[in-house]
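Overview (structure and organization)
One-letter residues, chain by chain:
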Amino acid sequence: MPPTDKSGLEMRQSRTPLERVHTTVFGQSFSRCGNFLAVCDNLGYVTVYRLSDALSSNSRKTNLHPHYYFKASDYSIYSIITHDDTLICGGGNMISGWLWSDIISKSAKISWSLKIPSSGSDLTEANSLEVCKEDDVLYAGCGDGKTYTWKLDSGVLSGSFCGHTDVIQDIHLTGSHTLLSASEDGTVRIWDSRQSGKEHQGMITPSKEPAINRPEIGKWLALVVAQDDLIACGGAPHLSLWSQRTLRPLTSMDTGLDSQHTGLFSDDMLITGGCGKLIYQWNINGECKTQVPVSASTVYNISVNHGNPSKKMLTVAGAGHKVDACLNFGYTSFTYEL
């Protein structure tokens, strides 16, 4: 049996070859200081990298291996974010908080946990997490089609946003108290993030637009992200940009038959990834500027380190046990291994 630390968490130096074959990375998050990267996977592990190891002038391949690695859940971990000094992990039926200081010192232990409401014996997974820093409220888009909220100072379940008829795959909070949620029911719904329990204020249905619809793939959505008046969404329909003010489509983007699962805005550029070993970089008019080959056969998460300017990088992860790092965003500079 593998050794455990005092908290009972399993600790090992590396994964078995079989685990590597069957690993899918679902989420990534940089520490607030910008010196560490944590990734979560389908086997319930959190793997942590110290960025300086790979960025040092005498870096070797051995420096691309994890700084620390621990079992954080008995179920898959689908989402992971950093809020202040805490790493928050969302998986089946539970969301847990872990202090970054404990993780960095290789002594991770659960700081707090929140139970996701569920009906019957079915697991309700947290597929996407967001935190409103102003109100210290955690939002979790879940597999039962609802987005739940908790007050982080007390751990109290404070509300829910209901209306979707299928799994929520992605949520996004804007600075204007707007919550966006993308679901496998084919809709993006727009909510006032301060008014849980209320009806949505607007809705986007990309599959209803002939230029965006791809009925041969389906109508499900996996991606929603916003910047200023722009909303980007993707999944079975073509990746598309919409006006948040009018809720009308502005343009659709051609990725062939590749569905887009994840994306973010960075420096007036939209970066997306999904099926196919590529990430796409688009300008705000929907024009593809470049395509970057990556290791993951399907990309599930793209993240940018904003915490430390000297270590700014874009990282890409998904199906497989490798995490690509792009220092100038235009090509893979090096690849971490789980």
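Residues numbered from 1 in each chain as written. Predicted model: local features only at pLDDT ≥ 70, side-chain atom pairs only at ≥ 80, totals over all residues. Heavy atoms only, no water.

**Regarding the sheet that holds strand β14 (residues 178-183)**
Ordered in space as β13-β14-β15-β16, the four strands form an open sheet in which the pairing is antiparallel. Edge positions in the sheet fall to β13 (168-173) and β16 (202-204), since each of these pairs with one other strand and no more. Mean inter-strand twist for the sheet, computed between neighbouring axes without regard to direction, equals 20°. By the bridge criterion, five bridges tie β14 to strand β15 (residues 188-192) in an arrangement that is antiparallel. Residue pairing in the sheet places Ala 182 in a bridge with Val 188 of β15. (Pairing = 2+ DSSP bridges. Helix = DSSP H or I, 4+ residues; strand = E, 2+ residues; numbered from the N terminus. Axes fitted to C-alpha atoms, helices over the stretch in contact; angles between N-to-C directions.)

**Thoughts on the packing of aromatic side chains**
Taken as a whole and assessed by the stated rule, the structure comprises 11 aromatic pairs. Ring geometry for Phe 26 against Tyr 78: centres 5.0 Å apart, planes inclined by 45°, an arrangement best described as tilted. In this pair, Phe 26 is assigned in strand β1 (residues 25-30) and Tyr 78 in strand β5 (residues 77-83), connecting sequence segments 52 residues apart. Judged by its relative accessible area of 29%, Tyr 78 falls in the partly exposed class. Judged by centre distance (6.2 Å) and plane angle (50°), the rings of Tyr 148 and Trp 150 are tilted. As far as burial versus exposure is concerned, Tyr 148 and Trp 150 are alike and both buried. An aromatic cluster of at least three residues, connected via ring pairs, comprises Phe 26, Tyr 78 and Tyr 300. Directly above the ring of Tyr 45 sits Lys 71, whose terminal nitrogen or CZ lies 4.7 Å from the centroid. (Phe/Tyr/Trp six-rings, centres within 6.5 Å; stacked < 30°, edge-to-face > 60°. Buried < 20%, exposed > 50% of the residue type's maximum accessible area, 1.4 Å probe, protein only. Lys NZ or Arg CZ within 6 Å of the ring centre and 35° of its normal.)

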